[in-house]
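# Fold and geometry: a report
Spelled out, the chains give:
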Amino acid sequence: MSQELVELRKRLRVGQQPLGDWNGGKLAVSAVPGAGKSTGMAIGATIALIRNNLSQKQQLIIVTFTRSAAASIKQKIKELLEEFKHPPTGFTVYTLHGLALNIASRYPY
């Protein structure tokens, strides 16, 4: 991991640091309101996007419960990617309902 990404990971609290270490597969994040889930997920996603050079063909999918959380996470990821001069691609953020609608629309039968 580059020194810049190590510094980004250091922005995470100890309990959030596994988000910065994630290397693929399923990952669930749960905590009480105000615990820093959106920020932690945005930092972890940014590290994964840059480390794996994800793009439109291979994306990171982030799913949350509310539209406000989805918008917040998406904005934070875009800001972090801009900070690293990395294109704001390779990820999408859905609510659970938005993801279900997307899947149902693509595969209606």
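Above this text is the structure in question.
Residues numbered from 1 in each chain as written. Predicted model: local features only at pLDDT ≥ 70, side-chain atom pairs only at ≥ 80, totals over all residues. Heavy atoms only, no water.

The geometry of helix α3 (residues 37–52) relative to helix α4 (residues 67–83) is characterised by a closest axis approach of 9 Å and an angle of 45° between their N-to-C directions. In terms of axis orientation, α3 runs oblique to α4. Remark: the crossing between α3 and α4 carries right-handed chirality. Counting all contacts with α3, which are made through Ser38, Thr39, Met41, Ala42, Ile43, Ala45, Thr46, Leu49 and Ile50, the residues of α4 involved are Ala69, Ser72, Ile73, Lys76, Ile77, Leu80 and Leu81. Per-class residue counts for the contact of α3 with α4 are eleven nonpolar, four polar and one charged. (Axes fitted to C-alpha atoms, helices over the stretch in contact; angles between N-to-C directions. Helix = DSSP H or I, 4+ residues; strand = E, 2+ residues; numbered from the N terminus. Parallel < 35°, antiparallel > 145°, perpendicular 65-115°, else oblique. Left-handed = near helix turned anticlockwise from the far one by under 90°. Contact = heavy atoms within 4.5 Å. Nonpolar A, V, L, I, M, F, W, Y, C, P; charged D, E, K, R; others polar.)

This paragraph deals with the side chain of Ser38. Along the polypeptide, Ser38 turns up in helix α3. Residues within four places of Ser38 in sequence aside, it is in contact with Ala69, Ser72, Ile73 and Lys76.

In this section: the nonpolar core. Counting 21 residues, the largest nonpolar core has Leu49, Leu60, Ile62, Ile77 and Phe91 as its most contacted members. If you list the elements that add at least two residues to this core, you get α1 (3–9), α3, β1 (60–64), α4 and β2 (91–95). Considering every element that reaches this core, the biggest residue donor is α3, with seven residues. Once residues within four sequence positions are removed from consideration, Ile62 is found in contact with Met41, Ala45, Ile73, Ile77, Thr92, Val93 and Tyr94. (Core = buried A, V, L, I, M, F, W, Y, C linked by side-chain atoms within 4.5 Å. Buried < 20%, exposed > 50% of the residue type's maximum accessible area, 1.4 Å probe, protein only.)

Attention shifts here to α4. Spanning 17 residues, α4 covers 24 Å between terminal C-alpha atoms, matching the ideal 24 Å at 1.5 Å per step. Of all the residues in α4, the buried ones are Ala69, Ala70, Ile73, Ile77, Leu80 and Leu81. Along α4, the residues classed as buried sweep out an arc of 100° about the axis, all on the same side. More than 90 degrees from the buried face of α4, the exposed residues found are Arg67, Ser68 and Glu82. Elements that come into contact with the buried residues of α4 comprise α1, α3, β1 and β2. Count one or two residues on from α4 and you reach Lys85, which has phi positive near 55°. (Expected span 1.5 Å × (residues − 1). Arc of directions from axis to C-beta.)

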